[in-house]
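Residue-level structure breakdown
Read off the chains here:
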Amino acid sequence: MSHSTAGTEPTQPPPEDDHAFFGQPRGLMTLSGLEVWERFSFLGMQAILVLFFADTVANGGMDMDPGTAASVSAAYGTLVYLVSVAGGWLADRILGSYRAVLYGGILIACGHYSMAVPTDAMTWVGLGLISAGTGLLKPNVASMVGKLYRTDDERRDAGFALYYMGINIGAFAGPLITGWLGEHVSWHWGFSAAAVGMTLGLIQYVAGRRHLAGRKHAAEFALAPDAMRRAVRLIIGGAVVVAVVATALALAGWLTMDRFVDVLTVISVIAPIVYFVVMFRSPRVTAEERGRLRPYIVLFLGSVVFNFILFQAYSTMMLLASTNARTEILGFTFPASWYASALGAFEVALAPVVAAVWARMGPRQPHASNKIAFGVILGGLSFLLMVLPTSGHADDTYRMAAWWIVGSYLLLGLGDILLETSGMSATTKLAPRAFASQTMALWFLSLALANGIQAQIVKLYGEVSNPAYFGVNGAIAVAAGVAMIAAAPWLKRTMHPVH
């Protein structure tokens with residue numbers, strides 16, 4: 001295949017790129033580099049967001065009670081991943097993946113700069129921009145990773161593990177910077193650091209664009225010109241109508257924060273159901289592709305259960321760390337938000353180990369469904385571990401050793417590597433060709449549903465005992481993982497030839 005034509009920019013990377021990055025395609029370095037900075041900004045901000053919501057107005061916070069702070073933080077996560085559906089569709093039909101990721105990154109950066117302004121109004125504007133931008137960026141950058149490999153390329157899972165290691169370098173570094181600035185200077189200085197990080201990510205993404213596969217100025221399944229113009233008008237008009245109606249309802253006192261959270265939860269349940277129905281009924285999906293979507297539903301639900309636990313690393317676990325965990329190790333005192341960096345650190349350290357193990361095992365490695373099931377079980381165990389240090393106290397003034405939360409994050413980090421890398425890789429393999437970017441968005445809808453459920457369940461935090469809260473949620477996750485293992489023979493059969 002020709003890599004360029006006269007007068008045009010090449011749309012495929014040079015042949016020598018194929019093994020240029022630790023045996024992986026060179027484009028993986030560009031996309032991983034983007035994710036380093038995107039996760040630096042996103043998770044750096046999220047590590048301090050719930051603490052900012054819960055802090056007093058005198059300290060620059062928003063003075064929410066802990067349960068509400070955790071619920072609003074989860075609702076923000078729900079919105080981020082719900083918008084990914086539109087991001088996948090826009091990439092497939094209008095923008096193309098490269099431009100969708102670029103425009104999404106620009107919106108994210110603008111959102112973080114908005115949050116750097118110390119007013120409540122700019123905080124909500126910033127969160128809205130970040131939600132829109134992440135919805136454009138996240139499903140499409142993962143799809144671009146998938147385009148670097150053939151479906152039968154055994155390097156694929158190892159490549160996604162390296163890509164996920166890049167994500168977690170950002171997840172490790174972000175809370176260190178934003179957390180220190182947020183707790184020692186001001187929360188809005190922490191948000192400023194996130195803005196700078198996303199700007200750096202955009203610079204390196206544009207600089208490395210020649211190494212990306214499938215980079216086109218047009219969408220892969222572009223709408224006809226008339227249909228595209230109608231779609232753009234509908235999108236703009238719909239956005240304006242939603243904004244006007246939401247503003248009117250808020251001013252009338254009907255659209256309260258609690259109701260907004262509830263609406264997002266309902267949408268997070270309905271959206272994936274509708275999306276699966278659309279794909280199953282689409283005439284552009286072949287019978288073979290439709291058959292592989294059925295086991296994908298099980299993988300989707302496994303992701304929901306695990307990520308319900310994972311996302312609480314940035315909500316209830318942060319609140320627990322700030323009130324009931326010691327913030328010193330070996331005499332060194334640190335901000336409570338730095339606990340979030342432990343999760344990223346473990347994933348940075350473990351991702352190359354997992355990648356090496358899968359590469360060494362080759363075709364003998366566990367089936368993707370079992371990798372996901374093991375991840376779900378580890379997520380549940382991370383919560384069950386927290387039952388021990390939170391039990392047997394007469395009141396809420398106790399301080400557990402830092403190693404308990406660190407140990408919980410170790411289990412959670414390993415589970416995250418097993419589940420997310422295998423889940424994203426399996427998604428790109430199982431995706432119907434006509435819904436490539438949108439099926440990746442469907443994977444992120446599992447994250448929206450996890451956050452939507454979390455937005456309701458975390459309201460119980462502080463209302464029930466901590467051992468009961470962490471114990472029940474952890475036990476449910478372990479049971480779900482065991483059920484997936486029991487279903488492994490059916491999953492292997494129906495996912496064939498995907499391993």
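Summary of the structure given here. This is a predicted model, so every value here is computed, not measured. (Residues numbered from 1 in each chain as written. Predicted model: local features only at pLDDT ≥ 70, side-chain atom pairs only at ≥ 80, totals over all residues. Heavy atoms only, no water.)

Quick word on the overall build of the protein chain
A tally of regular secondary structure across the protein chain gives 17 helices and 2 strands. For 499 residues, the compact-globule formula gives about 23 Å, and the C-alpha radius of gyration of the protein chain, at 22 Å, lands near that figure. Its C-alpha atoms give the protein chain principal-axis dimensions of about 70 × 55 × 40 Å. Residue burial in the protein chain is summarised as follows: out of 499 residues, 55% are buried. Pairs at least 24 apart in sequence give 82% of the contacts found in the protein chain among residues at least 6 apart. Of the roughly 20000 Å² that the protein chain leaves accessible, carbon and sulfur atoms contribute 69%. Taken together, the 32 basic and 29 acidic charged side chains of the protein chain have centroids lying 12 Å from each other. (Helix = DSSP H or I, 4+ residues; strand = E, 2+ residues; numbered from the N terminus. Rg over C-alpha atoms; globule rule 2.2 N^0.38 Å. Buried < 20%, exposed > 50% of the residue type's maximum accessible area, 1.4 Å probe, protein only. Contact = heavy atoms within 4.5 Å. Areas by Shrake-Rupley, 256 points an atom, 1.4 Å probe, with all protein chains shown as cover. Lys, Arg positive; Asp, Glu negative; His and termini not counted. Charge placed at Lys NZ, Arg CZ, Asp CG, Glu CD.)

Considering the pattern of salt bridges
Should their charged atoms come close, side chains of opposite charge can pair. Taken as a whole, this structure holds 5 salt bridges when the rule is applied. One salt bridge in this structure joins K138 and E35, with 3.0 Å as the shortest N-O distance. Of this pair, K138 sits in helix 4 (residues 120–146) while E35 sits in helix 1 (residues 27–54); the two residues are 103 residues apart in sequence, bridging distant segments of the chain. Residue classification places K138 among the buried residues on the basis of a relative accessible area of 6%. Using a relative accessible area of 0% as the deciding quantity, one classes E35 as buried. We note a salt bridge from E288 to R292, for which the minimum N-O separation is 3.0 Å. With a gap of 4 residues between them, E288 and R292 both fall in helix 9 (residues 287–310), about one helical turn apart. The exposure class of E288 is exposed, given its relative accessible area of 54%. R292 gets classed as buried once you look at its relative accessible area, which sits at 12%. (Salt bridge = Lys/Arg side-chain N within 4 Å of Asp/Glu carboxyl O.)

A word on empty space enclosed by the protein
Rolling a probe over the atoms, with the probe sized like a water molecule, indicates the empty space that remains. The final tally for this structure, using the stated rule, is 2 cavities of 30 Å³ or more. What lines the largest cavity is a set of 21 residues, and nearest its centre among them are R39, Y164, L310, F311 and D416. Counting residues per element, the ones that place at least two in the lining of the largest cavity are helix 1, helix 5 (156–184), helix 9, helix 11 (339–361), helix 14 (402–430) and helix 15 (436–457). When its residues are assigned to classes, the lining of the largest cavity shows 13 nonpolar, 3 polar and 5 charged. Sorting the residues of the lining of the second largest cavity by element identifies helix 2 (66–95) and helix 15 as the ones contributing at least two each. Of the residues forming the lining of the second largest cavity, the biggest block, 3 residues, is contributed by helix 2. Of the residues in the lining of the second largest cavity, the class split is 4 nonpolar, 5 polar and no charged. (1 Å grid on protein atoms, 1.4 Å probe; cavity = no way out; pocket = protein on both sides within 12 Å on 5 of 7 lines; lining within 4 Å. Points joined across faces, edges and corners; volume = space filled by probe spheres on them. Nonpolar A, V, L, I, M, F, W, Y, C, P; charged D, E, K, R; others polar.)

Considering a nonpolar patch on the surface
A contiguous nonpolar surface patch, about 560 Å² in accessible area, is contributed by V266, V269, I270, I273, V274, V277 and V278. Within the secondary structure layout, I270 lies in helix 8 (residues 257–281). (Patch = residues over 30% accessible without salt bridge, like charges linked within 9 Å, V, L, I, M, F, W, Y side chains within 5 Å.)

Looking at the packing of aromatic side chains
By the definition in use, this model includes 14 aromatic pairs. Taking the centre distance of 5.9 Å and the plane angle of 25 degrees together, the rings of F53 and W124 count as stacked. Here F53, found in helix 1, pairs with W124, found in helix 4; they are 71 residues apart in sequence, far enough to count as distant. By relative accessible area, which is 0% here, F53 ends up buried. By the ring-pair criterion, three or more aromatic residues cluster together here, those being F52, F53, W124 and F191. (Phe/Tyr/Trp six-rings, centres within 6.5 Å; stacked < 30°, edge-to-face > 60°.)

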